Amino acid sequence: MPEMPEVETIVRRLRARIVGRRIVRVGVSGLALRRPLDGNIAERLRGRTVRKVARRGKYIVAELDPKAFWVIHLGMSGRILYHAAPHEVSRHTHVTVRFSDGSELEYRDPRRFGFVCLYESPQMGRIPGIAALGMDPLDRGFDGEWLAPLLEKSRQEIKPFLLDQRKVSGLGNIYACESLFRAGLHPRRRCFTITRGEARGLADAIREVVRAAIRCRGTSFSDFVDSDGMAGGYQKRLRVFQREGKPCFRCGNTIRRLNQGNRSSYYCPVCQKLGGGSE
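Residues numbered from 1 in each chain as written. Predicted model: local features only at pLDDT ≥ 70, side-chain atom pairs only at ≥ 80, totals over all residues. Heavy atoms only, no water.

Take the pattern of salt bridges next. Tallied over the full model, the rule gives 16 salt bridges. In this structure, the salt-bridge partner of E145 is R200, at a minimum N-O distance of 3.7 Å. Of this pair, E145 sits in helix α3 (residues 144-152) while R200 sits in helix α6 (residues 196-215), and the two are 55 residues apart along the sequence. Taking relative accessible area as the criterion, R200 reaches 40% and is therefore assigned partly exposed. For R196, the salt bridge goes to E152, with nearest N and O atoms at 3.1 Å. Of this pair, R196 sits in helix α6 while E152 sits in helix α3, and the two are 44 residues apart along the sequence. A relative accessible area of 38% places R196 in the partly exposed class. Judged by its relative accessible area of 41%, E152 is partly exposed. Several salt bridges share partner residues, and in doing so they unite E8, R12, R55 and D136 into one network. (Salt bridge = Lys/Arg side-chain N within 4 Å of Asp/Glu carboxyl O. Helix = DSSP H or I, 4+ residues; strand = E, 2+ residues; numbered from the N terminus. Buried < 20%, exposed > 50% of the residue type's maximum accessible area, 1.4 Å probe, protein only.)

In structure tokens form, the structure reads like this:
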């Protein structure tokens, strides 16, 4: 699933491509996505102009004129592709949007777990899903002073805590694993046992990891490409994720994997001790 750095990469590309463009034609496949496509979304999008493109968590949000918010979530396998001229659609293309200059935006999703919606809401913060999001790692207030009190109140393990979009917006499995390794915290460490100093280190690690991933245009294993069709490069810098059985870059010990909430967590048992000398 594309995570925050991948979505941020796409958003930054789209800002340079579609802001100021007027929508003149919309085509839909008719197949249901995670949320059924609004039957008249094509008519409601047509004639509007893209004024801004932003990211909220893992959501792509285009602010339109007349006022509306065009919201896209990529789900597990969704792609947003920009074409400078009309482009032949694939069998997995579910939405195509043509602009007044002849360029097109294509939403392609083989597994159909993503969605495309239009909300005529006065404020982005009132949109379902977005309204419930927690702090974003790129927000100015994302630091240890904000994080520590939340951890003190929680008996959760730290890894699922970080994946809860109501607490930390946009973070997913890859970057949670990488951030915990950088901070030296075991993924099963209970939140309330994390000290304020460790909370500061974790917040810094999260920000460092996601910023580095954005500079590398995200992580590509098989599916992810940005809106220009370019793959990311952060997979070359991963320290623990999907490295089970390989030596730790820091200490040389063997990277391990455990299951948490139906997801794999990767960690170094030496660099990320659970506490009390045990694992």
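Right, let's talk about the pairing of strand β6 (residues 93-99) for a bit. A large share of β6 lies buried, amounting to six of its seven residues. Alignment of strand β1 (residues 23-28) against β6, held across five bridges, turns out to be antiparallel. Residue I23 lies in a different strand from β6, and its bridge partner there is F99. Relative to strand β7 (residues 104-108), β6 is paired through five bridges, and the arrangement is antiparallel. Considered in β7, the bridge of R98 is made with E104. (Pairing = 2+ DSSP bridges.)

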